[in-house]
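# Per-entry structural report
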Amino acid sequence: MQPFAGVAAVAGVGMTALTRESGRSELELAVEACRAACADAGIGPREVDAVLSYHLNDSAPVVQVARALGIERLGWHNDIAGGGTQAASILGDAAMLIHAGLARNIVVYRALNGRSGKRMNTVSTGPQERFTYGLAGPIPMFALAATRYLHDTGLTEEHLHAVVAQSRQNAKANPRALRREPLELADYLARPYVSTPLRTADCCQETDGACALVVSGVLDGPRVRAVVRGGGPGCSSMDRAPDVTAIFSAYVAPMLWEASGLRPPDVDVALPYDAYSWLVPRQLEDFGLVERGDLGAYLLERRHAWVNPHGGLLSEGYVHGLNNVAQAVRELRGGREVALVTGFGGSYGSAALLVR
């Protein structure tokens, strides 16, 4: 067990409305979400003594957010450079601060105008990948890996449709979700490709909004059981990878089970980072939740309805994965026992287990 296991609780969650054009600054969005998380935890912002966030130069700095919240004596604070890889591992950063006695109540937030401001699909994949493979951004890079994964597993566009359609079905009852309409197979097949085999519906949304958590050592709530971070050669470094489909979960899943003392059957709600539809079966496989040979029937029979019950990044919205963590807390409050959350950044990423 990790030294910080069980010492930190996620005591509060808060979100703004998710839109495609907020008309507001990232600072305003962040402050609203942070205030909502504090209210949900039953504390005032002045009781917060540490603030953490992650970003890609597209958000409000933590010192500005702390000042706007009225935190007069700010302790440990950090703007962590990074995107989706941080969605789960930032829980570990918070838990380690609490375990070390450096903070009692920590606000964690992610705020971005991901549709009306800086858009993730224009982020460079780096010069080596661009020039070697002609990749103009993240979608072509991960589409290349998806092509190989579908070939290796025998999965088809019908299985990708099953992932997206179930996501829409799950989001139907979620008032926060931007995409709640049903998606029939014919409608899915009619959607244009962004980069084969990924259609527009296979890609997560571009969203304006903010999400925040209060992670505490003195308040009650779902507990952080284990957090891991790591990676290796794979779809982020295709020129040196023996398997271009190997995303972060291939590397961190064994680490997570070893660190937590839990096993795949213990998980009763999974919230994988679903930036692209094919990442859902890949993570189900890597974390030992479904065997590779069973994936096809599992998806077509919609036995994955328990995955991202709020619709995930594909249907609820895209707050760089932190909204999936917030949903994990809601699920545990509602009676689930063990939640798996992940953070994706290609072949590098993170994963966490939260327990009731």
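Residues numbered from 1 in each chain as written. Predicted model: local features only at pLDDT ≥ 70, side-chain atom pairs only at ≥ 80, totals over all residues. Heavy atoms only, no water.

Going by the annotation in an unreviewed UniProt entry, the name recorded for the protein chain is Acetyl-CoA acetyltransferase, with Nonomuraea angiospora given as the source organism.

## Overview of the overall build of the protein chain
Inclusion rule: Numbered from the N terminus, helices here are DSSP runs of H or I no shorter than four residues, and strands are runs of E no shorter than two. When we talk radius of gyration, it's over C-alpha atoms, and the globule rule is simply 2.2 Å times the number of residues to the 0.38. Whether two residues are in contact is decided by their heavy atoms: any pair within 4.5 Å suffices.
Counting its secondary structure elements, the protein chain contains twelve helices and eleven strands. Taking 2.2 N^0.38 as the reference for a compact globule, 356 residues should give roughly 21 Å; the C-alpha atoms of the protein chain span a radius of gyration of 19 Å, in line with that estimate. In terms of its C-alpha atoms, the protein chain occupies a principal-axis envelope of roughly 55 × 45 × 40 Å. Pairs at least 24 apart in sequence give 79% of the contacts found in the protein chain among residues at least 6 apart.

## Notes on the pattern of salt bridges
Note the threshold: In what follows, salt bridge is the name for a side-chain nitrogen of Lys or Arg lying within 4 Å of a carboxyl oxygen of Asp or Glu. Remark: exposure states derive from per-residue accessible area (1.4 Å probe, protein chains only) relative to the maximum for the residue type, with buried under 20%, exposed over 50%, and partly exposed in between.
A full pass over the atoms with the stated rule returns 17 salt bridges. Across the salt bridge formed by E206 and R115, the nearest N and O atoms sit 3.0 Å from each other. With a gap of 91 residues between them, E206 in the loop between β6 (198-199) and β7 (208-216) and R115 in the loop between β4 (105-113) and α4 (127-133) connect regions that are remote in the sequence. Residue E157 pairs with R199 through a salt bridge whose shortest N-O separation is 3.4 Å. Residue E157 is found in helix α6 (residues 157-171), and its partner R199 is found in strand β6; the two are separated by 42 residues along the sequence. By relative accessible area, E157 is classed as partly exposed at 36%. Residue class for R199 comes out buried when judged on its relative accessible area of 5%. Beyond isolated ion pairs, a larger network of salt bridges with shared partners links D243, R282 and D286.

## Description of the UniProt feature "domain: Thiolase C-terminal" (unreviewed entry) in the protein chain
Heads up, the condition is: UniProt positions are given in the numbering used here, feature names are shortened, and annotations may be inferred rather than shown by experiment.
Taking the UniProt record as the reference, the feature "domain: Thiolase C-terminal" (unreviewed entry) is found at residues 238-353. Its end C-alpha atoms 29 Å apart, residues 238-353 is made of 36% helix and 14% strand.

## Observations regarding the environment of V338
Counting through the fold element by element, V338 comes out in strand β10 (residues 338-344). Classification of V338 as buried rests on a relative accessible area of 8%. C-alpha of V338 to C-alpha of M96: the two residues are 242 residues apart in sequence and 20 Å apart in space.

## Section: the packing of helix α1 (residues 26-41) against helix α2 (residues 62-69)
Heads up, the condition is: As a rule, the C-alpha atoms of each element are fitted with a line to give its axis, helices using only the stretch in contact, and angles between N-to-C directions run from 0 to 180 degrees. An angle counts as roughly parallel when it lies under 35 degrees, as roughly antiparallel when it exceeds 145, as roughly perpendicular when it falls between 65 and 115, and as oblique in every other case. Should the near helix be turned anticlockwise from the far one by less than a right angle, the crossing is termed left-handed; should it be turned clockwise, right-handed. Lys, Arg, Asp and Glu make up the charged group, whereas Ala, Val, Leu, Ile, Met, Phe, Trp, Tyr, Cys and Pro make up the nonpolar group; the residues left over, Gly among them, are polar.
One way to put it is that α1 packs onto α2 with a least axis distance of 10 Å and a crossing angle of 60°. Relative to α2, the element α1 is oriented oblique. Along this stretch, α1 crosses α2, giving a crossing that reads as right-handed. Of α2, the residues touching α1 (which contributes L27, A30, V31, C34 and R35) are Q64, V65, A68 and L69. Of the residues in the contact of α1 with α2, the class split is seven nonpolar, one polar and one charged.

## Remarks on α6
We count it as follows: Expected helix span is taken as 1.5 Å per residue step, with the number of steps being one fewer than the number of residues.
Between its first and last C-alpha, α6 extends 21 Å over 15 residues, near the 21 Å set by a 1.5 Å rise per residue. Within α6, twelve of the 15 residues are buried, which leaves it mostly tucked inside the rest of the structure. Among the residues making up α6, those that are buried are H159, L160, H161, A162, V163, V164, A165, Q166, S167, R168, N170 and A171. Buried positions along α6 lie against α5 (138-153), α7 (185-190), α9 (279-286), α10 (295-300) and α11 (312-315).

## Observations regarding the confidence of the model for the protein chain
Heads up, the rule is: pLDDT measures the predictor's confidence residue by residue and takes values from 0 up to 100.
Model confidence for the protein chain is summarised by a mean pLDDT of 95, while 96% of its residues fall at 70 or above. Here residues 127-131 scores under 50 on pLDDT; set against residues more than four positions off or in separate chains, the count is ten contacts.

## Quick look at the nonpolar core
For soluble globular proteins, nonpolar side chains are generally found buried alongside one another. As a reminder, the rule being used: Throughout this description, the term nonpolar core refers to a set of buried Ala, Val, Leu, Ile, Met, Phe, Trp, Tyr and Cys residues connected via side-chain atoms within 4.5 Å.
Counting residues in hydrophobic clusters, the biggest one holds 99 residues, and the most contacted among them are L91, L213, Y276, W278 and F287. The residues touching L213, leaving out its near neighbours within four places in the chain, are V10, G12, V13, A37, L91, I106, V107, V108, L322, V325 and A326. One finds A11, I43, V62 and V65 within the second-largest nonpolar core, a separate group that totals 24 residues.

## Considerations on the side chain of D202
Put simply, the rule reads: Contacts described as polar in this section are N or O atom pairs within 3.5 Å, which, within protein, must combine one atom able to donate a hydrogen with one able to accept it, while residues neighboring in sequence count only if both atoms come from side chains.
Secondary-structure assignment places D202 in the loop between β6 and β7. Looking at D202, its side chain comes within polar contact range of the side chain of Y188, at 2.8 Å. If sequence neighbours within four positions are ignored, D202 has contacts with L160, V164, Y188, P197, A275, Y276, S277 and L314.

## Quick word on the pairing of strand β3 (residues 77-81)
Definition in use: Note: two strands are recorded as paired if DSSP finds a minimum of 2 bridges between them. Note on handedness: a clockwise path from strand one over the helix to strand two, with the strands aimed away from the viewer, defines a right-handed crossover.
Pairing of strand β2 (residues 50-55) with β3 involves five bridges; the strand directions are parallel. Across the sheet, S53 pairs through a bridge with D79, a residue of β3. In this fold, β2 hands off to α2, which returns the chain to β3; that crossover is right-handed.

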